[in-house]
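Residue-level listing of the chains:
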Amino acid sequence: MRKMLVLLLSGVLLSGLSAVYAQVQGERNDAYYEVVKLLYVDKNYNEALTQVNVLIEQAPESAELYSLRAQIYEDMENKRAALADFDKSAELDPKNDETFYYSAALKLDMDSPQAAYVDSTRCIHLNPNNDMCYVLRSMVRAKLGDQAGATADTERARAARSNAHRPQKSVSK
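Residues numbered from 1 in each chain as written. Predicted model: local features only at pLDDT ≥ 70, side-chain atom pairs only at ≥ 80, totals over all residues. Heavy atoms only, no water.

Caption draft 1: Spatial organisation of the side chain of D97. Its location among the elements puts D97 in helix α5 (residues 97-109). At 10 Å, R122 is the nearest oppositely charged side chain to D97, a buried residue that forms no salt bridge. Setting aside chain neighbours within four positions, we find D97 in contact with C123, L126, N127 and N130. (Helix = DSSP H or I, 4+ residues; strand = E, 2+ residues; numbered from the N terminus. Buried < 20%, exposed > 50% of the residue type's maximum accessible area, 1.4 Å probe, protein only. Lys, Arg positive; Asp, Glu negative; His and termini not counted. Salt bridge = Lys/Arg side-chain N within 4 Å of Asp/Glu carboxyl O. Contact = heavy atoms within 4.5 Å.)

Listed below in structure tokens is the structure:
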């Protein structure tokens, strides 16, 4: 009987913690979108940076928050800080093709085409249907003087774009 009571109380405690966690997650999501609004709508970079720093303190394992802060830093023209945060985001979530896309674009902007090539290629490997990764790598290849590679990637981008717009196979007959 005592074991049964302990198990029951443990279950109640865990479900209570789960509810609190879900509520905190919801509040964090609201705060995330507030930062996005500050960044893209209001263009209030300093306040967006302040709020995302608070969120990162609360959830230092969140790749999305580091990527968001990187975008803020990039808009503030702090490219080194943006690059460091994109790297941290990629470390936390190495399967996010968008992080590698943004990192590659920033590296190309910082006149580091070899590093941009590595990240854009990683983006393609993670998501072969992301046409923007091919477009970016095409630009990188052109910058590196590889016109044949740039042309091939432009064609791959077109193919990826058409794959993205194909309807899925219907299960109905």
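Caption draft 2: Just the state of the cysteines, in detail. Applying the stated criterion across every chain yields a total of one disulfide. Put simply, C123 and C133 are joined by a disulfide, and their sulfur atoms are 1.6 Å apart. Residue C123 is found in helix α6 (residues 113-126), and its partner C133 is found in helix α7 (residues 131-143); the two are separated by ten residues along the sequence. Like C123, the residue C133 is buried in the burial classification. (Disulfide = S-S within 2.5 Å.)

Caption draft 3: Region of the structure containing the environment of K143. Mapped onto the fold, K143 is located in helix α7. Sequence-wise, K143 and D111 are 32 residues apart; in three dimensions their C-alpha atoms are separated by 9.4 Å.

Caption draft 4: Quick look at the nonpolar core. One finds V35, A48, V52, L65, L68 and I72 to be the most contacted residues of the largest nonpolar core, which totals 20 residues. Elements supplying a minimum of two residues to this core: α1 (2-41), α2 (45-58), α3 (63-75) and α4 (79-92). Here the element with the most residues in this core is α3; it accounts for six residues. If we ignore the near neighbours within four places in the chain, the residues touching I72 are V35, L39, Y45, A48, L49 and V52. Counting residues in each nonpolar core, the second largest holds 14 residues, with F100, C123, C133 and Y134 among its members. (Core = buried A, V, L, I, M, F, W, Y, C linked by side-chain atoms within 4.5 Å.)

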